[in-house]
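Residue strings, one per chain:
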Amino acid sequence: MIDFITFCDYTGTFAFAISGIRLASAKQFDWFGAYVVGLVTAVGGGTVRDILLNATPFWMEQTSYLTVSALALLFVIIFRKYVIRLNNTFFIFDAIGLGLFVVVGIAKTIEFGFPMWVAIVMGTITGSFGGMIRDILINEEPLIFRKDIYALACVFGGFVYYLCMLAGLSPAITQFSSALGVFLMRIIAVKYHISVPVLKGEE
């Protein structure tokens, strides 16, 4: 039976890959280019996390992540009329991937024996760095550096994870609550135009 973390990992990979492929399609990338962007979006954050944890990057030990990213490309190709034209598609898939990857990053860091504050940092890196690399590849200003609540949503999810642990909740409920917290934070921030104040230079 598949555990919740594995479910989060593969579902997040699929969601993030779609978000990257969708943006690549808007830039008129070919199929291979779109696949590369989708793959980097899906595995970029986890790769940075594993390097910092002194672990072999996860996708180098399992080809399934490359396969899931390829399935995401196939999904976009088949349903491109619906996926590419819907303005909310990128946001929804990105928010889902963000929440799920935060959980994966936190759980793996705790498994490696690091304290919770490190786990929250690694969860944030896992969730947000893939998107940052994606934006750089397609020549866009990285979303993480804009005033949108993005990386802070990851941090919020990390605190939800921590509070659920302190409350003695089961791992599955803790992980689900954390992912949901990230997702809802992103939804609420965008819906109500909540943002981080811009640091202004000299006028």
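About the thresholds
Residues numbered from 1 in each chain as written. Predicted model: local features only at pLDDT ≥ 70, side-chain atom pairs only at ≥ 80, totals over all residues. Heavy atoms only, no water. Helix = DSSP H or I, 4+ residues; strand = E, 2+ residues; numbered from the N terminus. Rg over C-alpha atoms; globule rule 2.2 N^0.38 Å. Buried < 20%, exposed > 50% of the residue type's maximum accessible area, 1.4 Å probe, protein only. Contact = heavy atoms within 4.5 Å. Areas by Shrake-Rupley, 256 points an atom, 1.4 Å probe, with all protein chains shown as cover. Lys, Arg positive; Asp, Glu negative; His and termini not counted. Charge placed at Lys NZ, Arg CZ, Asp CG, Glu CD. Expected span 1.5 Å × (residues − 1). Arc of directions from axis to C-beta. UniProt positions renumbered as here; feature names shortened; annotations may be inferred. Phe/Tyr/Trp six-rings, centres within 6.5 Å; stacked < 30°, edge-to-face > 60°. Lys NZ or Arg CZ within 6 Å of the ring centre and 35° of its normal. Polar contact = N/O pair within 3.5 Å; in protein donor to acceptor, adjacent residues only side chain to side chain.

**Description of the overall build of the protein**
Scanning the protein from N- to C-terminus turns up eight helices and zero strands. What you see in the protein, going N to C, is helices and strands ordered as α-α-α-α-α-α-α-α. Taking 203 residues into account, the globule formula puts the C-alpha radius of gyration at 17 Å, and the protein, at 16 Å, falls close to it. Considering only C-alpha atoms, the protein reaches an extent of 55 × 50 × 30 Å along its principal axes. The burial tally for the protein puts 49% of its 203 residues in the buried class. For the protein, long-range pairs separated by at least 24 residues make up 73% of all intrachain contacts whose partners lie at least 6 apart in sequence. Of the roughly 10,900 Å² that the protein leaves accessible, carbon and sulfur atoms contribute 68%. If the 13 positive side-chain charges of the protein are averaged to one point and the 13 negative ones to another, these points end up 11 Å apart.

**Section: helix α8 (residues 171–191)**
For α8, built from 21 residues, the straight-helix expectation of 30 Å at 1.5 Å per residue is met to within 8% by its first-to-last C-alpha distance of 30 Å. Where α8 is concerned, the buried positions are Thr-174, Gln-175, Ser-178, Ala-179, Gly-181, Val-182, Arg-186 and Ala-189. Each buried residue of α8 lies within a common arc of 140° when the element is viewed along its axis, so the set occupies one face. The positive-phi residue at the C-terminal boundary of α8 is His-193, with phi of around 55°.

**Observations regarding the environment of Ile-187**
Note on placement: Ile-187 falls in helix α8. Ile-187 sits in the partly exposed class, given a relative accessible area of 23%. Between the alpha carbons of Ile-187 and Gly-123 there is a distance of 19 Å; along the sequence they are 64 residues apart. Beyond its immediate stretch of four places on either side in the chain, Ile-187 contacts Phe-91 and Ile-92.

**Side note on the UniProt feature "domain: Glycine transporter" (unreviewed entry) in the protein**
The positions UniProt marks with the feature "domain: Glycine transporter" (unreviewed entry) are residues 7–80 and 92–164. Across residues 7–80 one finds 78% helix and 0% strand; the C-alpha atoms that close the span lie 25 Å apart.

**Details of helix α3 (residues 64–78)**
Between its first and last C-alpha atoms α3 spans 21 Å; for 15 residues at 1.5 Å apiece the expected length is 21 Å, and the two agree. All of the buried residues along α3 are Tyr-65, Val-68, Ser-69, Ala-72, Leu-73, Val-76 and Ile-77.

**Some points on unusual backbone geometry**
Residues other than glycine predominantly adopt negative phi, and peptide bonds predominantly adopt the trans conformation. Positive phi, normally seen in glycine, also occurs at Gln-28, with a value near 65°. Considering the arrangement of structural elements, one finds Gln-28 in the loop between α1 (4–26) and α2 (31–52).

**Notes on the packing of aromatic side chains**
For the structure shown, the criterion picks out five aromatic pairs. Taken together, a centroid distance of 4.7 Å and an interplanar angle of 85° make the contact between Phe-58 and Tyr-65 edge-to-face. The same class applies to Phe-58 as to Tyr-65, namely buried. Positioned over the ring face of Tyr-192 is Lys-191, at 5.7 Å from the centre of the ring.

**Details of the side chain of Thr-13**
Tracing the chain through its elements places Thr-13 in helix α1. A distance of 2.7 Å separates the side chain of Thr-13 from the backbone oxygen of Asp-9, its partner in a polar contact. Contact partners of Thr-13, with chain neighbours within four places excluded, come to Ala-42, Tyr-65, Val-68, Ser-69 and Phe-101.

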